[in-house]
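Secondary and tertiary structure notes
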Amino acid sequence: MNAFSRRGACPALSAPMQTGDGLLVRLNPVAGGLAPKSLIGLGESALRHGNGIMEVTARGSLQIRGLTADSARLLAAEVDALGIAVRSGVPVEVGPLAGIDPQEIADPRPLAERMRVAIEEAGLTARLGPKVSVVVDGGGQLSLDAVTADVRLKAVGAGGDVLWSVSVAGDGRSSRLLATVDADTSRDIAVAALRMVAEKGREAHTRDLSERQLISLASWHSVTPLSVLPDISPSRGEIGNSRAGSPLLALEIGESRDDNAISSLEGEMSGRTERGAQERRPVGRPIGLFSLGSNTALGIALPYGSMPVQNLIDLASEASHLDATEIRLAPGRAMLFLGLSASACSSLQGSSSALGFVTDPADPRTRIAACPGAPACASGRIATRAIAETIAAQNADLIDTSLTLHVSGCAKGCAHPGAAALTLVGDENGAGLVVDGTAKALPAAYRPGYDAARGIAGILAALRAQRHQGETAAACLARLGAAGIAELYRRNQ
């Protein structure tokens, strides 16, 4: 096992990443979920070898923090002993209710598995960067529209048939649609797009593809099959002719001189950047009850994506006593408990709330991004989680879905690399306030870190007083202006 991987890579179980609070590993079970007893065993291992904190990221990955090189090896061995198989290679993600949601347009798992096989057969795993990802979304109660990806395949009903839309570089709202085709063609276009990305190097994403390349991908389904296409110059970013063997293996894809590329999208995770998870409120947040026909799934979330390991062990133990069959990780820093009766759901929901988990999709904590901060992370200059908890508790009625709040321990902005309406960032001067920007921007005003929540409370109090009827919090902030907001933050120190 590597002692650590470079910053920006994906901290897999076999390649932990150095962070401010030690090494971090991220894992995704091959089976899609864990039996309650498996999560208990994993939690006990994390208690022995980590710093007592476990996380579920915005993309639905499980993270264990505070490891050393030696303890990371011991953790990996114990994960193997528990029989927990974890995914490696290019992430090809499906929704947390894939295959069991009666409202799905199609089960995405078969196409996702064919994508994984095709990526391996094309030799792309080693050539693509660690943050390149694919989403295969069957629709249903919990779609993946809020998750960004380099390539996304989404089921579309077409009479009695199912087609798959293929889009690149974004989430369900911002990605660029290329084509709506059958499953086999969607897979071929997706793999061709990944080949184009691989040609550009390990730092590339589909946002870096040229307009000519995107047009060639979009027109694939309406032209002569690849086996009889004439040669097209790879230097112009088109698809080359097919030689003997599978079209997937025979594509020759080069780069275009056209600089017209798709705009970049930011991604995030709890603690270290995990590409592609936007902090927008999704249409189907995975919190609450979800009907699966014969039974019900219960979704709960980890506040800011993080909980003490013992709380997770206690919750999994209660779920086991209530005969839960599986616990699935979900985008949005959540977990879904399956196989429960209605009464068991109610009981587990109460236990979750008592342990500090988020059980209400309207909980204001779901609208605040906060990294571990001080003292958990050595890079953190402010106690981010304590600040976020105070803001959420004191201003629940003012934090609506239009308002994004980010509390960052340092300028890296791990929990939310994108811009937020209000960002608190720790540095040597205290807690800086950035208005409508990222943690990397120059703060407009400062307060001592211990008093930062009171500064935000002053801003939100002005919102309460000056907000017009029907006006969103974000619109009111825009009307107040950056200079006015900075002055509100500085007052009463």
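Above: the structure in question.
**So, the overall build of the protein chain**
The helix and strand inventory of the protein chain stands at 12 helices and 20 strands. Sorting the 493 residues of the protein chain into buried and exposed places 56% on the buried side. Across the protein chain, contacts joining residues at least 24 apart in sequence account for 62% of those joining residues at least 6 apart. Surface summary for the protein chain: the accessible area is close to 19200 Å², and the carbon and sulfur share equals 51%.

**Thoughts on the sheet that holds strand S13 (residues 306-308)**
Pairing is antiparallel in the open sheet, where five strands are placed in the order S1-S2-S5-S4-S13. Each having just a single partner strand, strand S1 (17-19) and S13 make up the two edges of the open sheet. The mean angle between the axes of side-by-side strands here comes to 30°, regardless of whether they run parallel or antiparallel. Here strand S4 (residues 53-56) runs beside S13; their pairing, made up of three bridges, is antiparallel. Its bridge partner lying in S13, Met54 is registered against Met307. Lying over the sheet, helix H1 (residues 36-49) contacts strand S2 (22-27), S4 and strand S5 (62-67), oriented at roughly 20° with respect to S5. Docked against the sheet, helix H7 (residues 309-321) engages S4 and S13, running at close to 85° with respect to S13.

**Quick word on the packing of helix H10 (residues 452-466) against helix H11 (residues 473-480)**
Closest axis-to-axis distance for the H10/H11 pair is 10 Å, and the angle between their directions is 100°. As judged from the angle between their axes, H10 and H11 are roughly perpendicular. Of the residues in H11, those in contact with Ile459, Leu463 and Gln466 of H10 are Ala473, Cys476, Leu477, Arg479 and Leu480. Taken together, the residues that form the contact of H10 with H11 break down as six nonpolar, one polar and one charged.

**Considerations on the sheet that holds strand S16 (residues 368-370)**
The strand order across the open sheet formed by five strands is S16-S17-S18-S19-S20, and the pairing between neighbours is mixed. The outermost strands of the open sheet, each flanked by one partner alone, are S16 and strand S20 (445-447). Geometrically, the sheet is characterised by an average inter-axis angle of 20° between neighbouring strands, direction not taken into account. Packed onto the sheet, helix H9 (residues 384-394) meets S16, strand S17 (405-408) and strand S18 (420-427) and runs at close to 165° relative to S16.

**Quick word on the pattern of salt bridges**
Scanning the entire structure with this criterion turns up 19 salt bridges. One salt bridge connects Asp70 with Arg73, and the closest N-O pair in it is separated by 3.0 Å. Placement of the pair is Asp70 and Arg73 together in helix H2 (residues 69-81), with a separation of three residues, close to one helical turn. You can call Asp70 exposed: its relative accessible area is 54%. Take Arg73: its relative accessible area is 39%, and that puts it in the partly exposed class. Note that Arg116 and Glu113 form a salt bridge whose closest N and O atoms lie 3.1 Å from each other. Taken as a pair, Arg116 and Glu113 lie in helix H3 (residues 109-121) at a separation of three residues, close to a single helical turn. Linked by salt bridges that have partners in common, Glu55, Arg65 and Arg385 make up one network.

**What about the pairing of strand S19 (residues 430-437)?**
Most of S19 is tucked away: six of the eight residues are buried. With seven bridges connecting them, S18 and S19 associate as antiparallel partners. By the bridge assignment for S19, Leu424 is matched with Leu433. With antiparallel pairing between neighbouring strands as the criterion, S18 and S19 make up a hairpin whose turn holds two residues. Looking at chain direction, S19 and S20 are connected through three bridges and run antiparallel. Residue Ala431 lies in a different strand from S20, and its bridge partner there is Arg447.

**Some thoughts on the environment of Leu480**
Along the chain, Leu480 falls in helix H11. In this structure, Leu480 is in contact with Leu463, Gln466, Ile485 and Leu488, ignoring residues within four places of it in sequence.

**Focus on the packing of H10 against helix H12 (residues 482-490)**
Between H10 and H12, the shortest axis-to-axis distance is 7 Å and the interhelical angle comes to 130°. In terms of their interaxial angle, H10 and H12 are classed as oblique. Our pair here, H10 against H12, has a crossing hand that is right-handed. The segment H10 lies against H12, with Ala452, Gly455, Ile456, Ile459 and Ala462 engaging Ile485, Leu488 and Tyr489. Across the contact of H10 with H12, the residue classes tally to seven nonpolar, one polar and no charged.

Reading the values: rules and limits
Residues numbered from 1 in each chain as written. Predicted model: local features only at pLDDT ≥ 70, side-chain atom pairs only at ≥ 80, totals over all residues. Heavy atoms only, no water. Helix = DSSP H or I, 4+ residues; strand = E, 2+ residues; numbered from the N terminus. Buried < 20%, exposed > 50% of the residue type's maximum accessible area, 1.4 Å probe, protein only. Contact = heavy atoms within 4.5 Å. Areas by Shrake-Rupley, 256 points an atom, 1.4 Å probe, with all protein chains shown as cover. Pairing = 2+ DSSP bridges. Axes fitted to C-alpha atoms, helices over the stretch in contact; angles between N-to-C directions. Parallel < 35°, antiparallel > 145°, perpendicular 65-115°, else oblique. Nonpolar A, V, L, I, M, F, W, Y, C, P; charged D, E, K, R; others polar. Salt bridge = Lys/Arg side-chain N within 4 Å of Asp/Glu carboxyl O. Left-handed = near helix turned anticlockwise from the far one by under 90°.

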